[in-house]
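Architecture at a glance
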Amino acid sequence: MRLAELSTRSGVSTATIKFYLREGLLPPGRRVTATQSDYDEGHLRRLRLVRALIQVGRIPVASARDVLAALADDRLSPNERLGTATWALPHGPAPDETDPAVEAARHTADELMDRLGWGRGSTADPLPTAPARGTLVTAIAALSRLGYPCSAEDLEPYGRAAERIAATDLDMVERYGTPDEQVEAAVALTVLYEPVVLSLRRLAEVEESHRRFVEE
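For the structure given in this document, a descriptive report is provided here.

Cut-offs and rules
Each chain carries its own residue numbering, running from 1 in the written order of its sequence. Totals for whole chains, interfaces and linings use every residue, but because this is a predicted model, local features are given only for residues with pLDDT of at least 70 and side-chain atom pairs only at 80 or more, for both listing and counting. The side-chain quantities take in all heavy atoms of the structure and omit both hydrogens and water. Note on terminology: a nonpolar core comprises buried Ala, Val, Leu, Ile, Met, Phe, Trp, Tyr and Cys residues joined through side-chain atoms within 4.5 Å. Exposure classes here rest on a 1.4 Å probe applied to the protein chains alone. A residue is buried below 20% of its type maximum, exposed above 50%, and partly exposed in between. The way it works is that DSSP assigns letters per residue, a run of H or I at least four long becomes a helix, a run of E at least two long becomes a strand, and they are numbered from the N terminus. Put simply, a salt bridge is a Lys or Arg side-chain nitrogen that is within 4 Å of an Asp or Glu carboxyl oxygen. For helices, the axis comes from a line fit to the C-alpha atoms of the stretch in contact; other axes are also lines fit to C-alpha atoms, and the angle between any two N-to-C directions lies between 0 and 180 degrees. Roughly parallel means an angle under 35 degrees; roughly antiparallel, over 145; roughly perpendicular, 65 to 115; everything else is oblique. Note on convention: near helix rotated counterclockwise from far helix by under a right angle means a left-handed crossing. Clockwise means right-handed. In this description, contact between two residues means that some pair of their heavy atoms is separated by no more than 4.5 Å. In this classification, Asp, Glu, Lys and Arg are treated as charged, Ala, Val, Leu, Ile, Met, Phe, Trp, Tyr, Cys and Pro as nonpolar, and every other residue, Gly included, as polar.

1. What about the nonpolar core?
As a rule of thumb, nonpolar side chains are buried together in soluble globular proteins. Ranked by size, the top nonpolar core spans 31 residues in total, and within it Tyr20 and Leu53 carry the most contacts. Where this core is concerned, the elements lending two or more residues are α1 (3–10), α2 (14–22), α3 (41–56), α4 (61–72), α5 (78–87), α8 (152–173) and α9 (179–213). Element by element, the count of residues in this core is highest for α3, at 6 residues. Among the nonpolar cores identified, the runner-up in size contains 13 residues, and Val137, Ile140, Ala141 and Ala152 belong to it.

2. Notes on the pattern of salt bridges
Here the structure, examined in full by the defined rule, presents 20 salt bridges. For Arg65, the salt bridge goes to Glu23, with nearest N and O atoms at 2.8 Å. Here Arg65 is found in helix α4, whereas its partner Glu23 is found in the loop between α2 and β1 (30–31), with 42 residues between them in sequence. On the basis of relative accessibility, which here comes to 30%, the residue Glu23 falls in the partly exposed class. In this structure, Arg160 and Glu156 form a salt bridge, with 3.1 Å as the shortest nitrogen-oxygen distance. Of this pair, Arg160 and Glu156 both sit in helix α8, 4 residues apart, which is roughly one turn of that helix.

3. Things to note about the packing of α8 against α9
The interhelical angle for the contact between α8 and α9, taken along N-to-C directions, is 140 degrees, at an axis separation of 10 Å. One element, α8, and the other, α9, form an angle in the oblique class. Of the two elements, α8 crosses α9, and the hand of that crossing is right-handed. Where α8 abuts α9, its residues Tyr158, Ile165, Asp169, Met172 and Val173 lie against Gln182, Ala185, Ala186, Leu189, Tyr193, Val197 and Arg201. Class assignment for the residues of the contact of α8 with α9 results in 9 nonpolar, 1 polar and 2 charged.

4. Quick look at unusual backbone geometry
In the Ramachandran plot, Arg58 falls in the positive-phi region, its phi being about 55 degrees despite a non-glycine side chain. Position of Arg58 among the secondary structure elements: in the loop between α3 and α4.

5. Regarding the environment of Asp114
Examined against the element boundaries, Asp114 turns out to sit in helix α6 (residues 101–116). It is 15 Å that separates the C-alpha atoms of Asp114 and Leu136, two residues lying 22 residues apart in sequence.

Below, the structure is given as structure tokens:
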């Protein structure tokens, strides 16, 4: 297919496709003339992945390039490829090390991980350095400062619920056959399903409140 058809089928403008080509995010097409190239289904699949990384995941171009390099590295496991993609996603604020509540919050996060059995002490365990762990510490510190329940025991039910959500996420990712498609799905599902999870939580609270306080 020519560039115009690739744009139509992908929903990405020709100007954006040219930018991705210049940045090395999309491999060049097969040269037909000095000014024209042909593209195939592989380009269409890769374009969908790049769009998921940059437009949906809001991942910077340099980080998207790292994700694509990880996909091309046969030495990496599926877990490492997916991890490279999801770690590149924007995360919440890192802990403010000048905040006196942060150190206690970090200990709470450690205790919570122990309760959940996450990591299990492996030297290859990515949890201690995961960006989301820093976001968790920041959230626990804020809860502590405001006097809301935030012990490891208080937070464990949320961790258990998150385990079930994570299993559902990975079940969906495994429906896709190729590494490109799985990484695209991991990014898109992480970003696009977070509003679904938040909405369902709030609707569930409405339902539970009605059961507790309204129904006879």
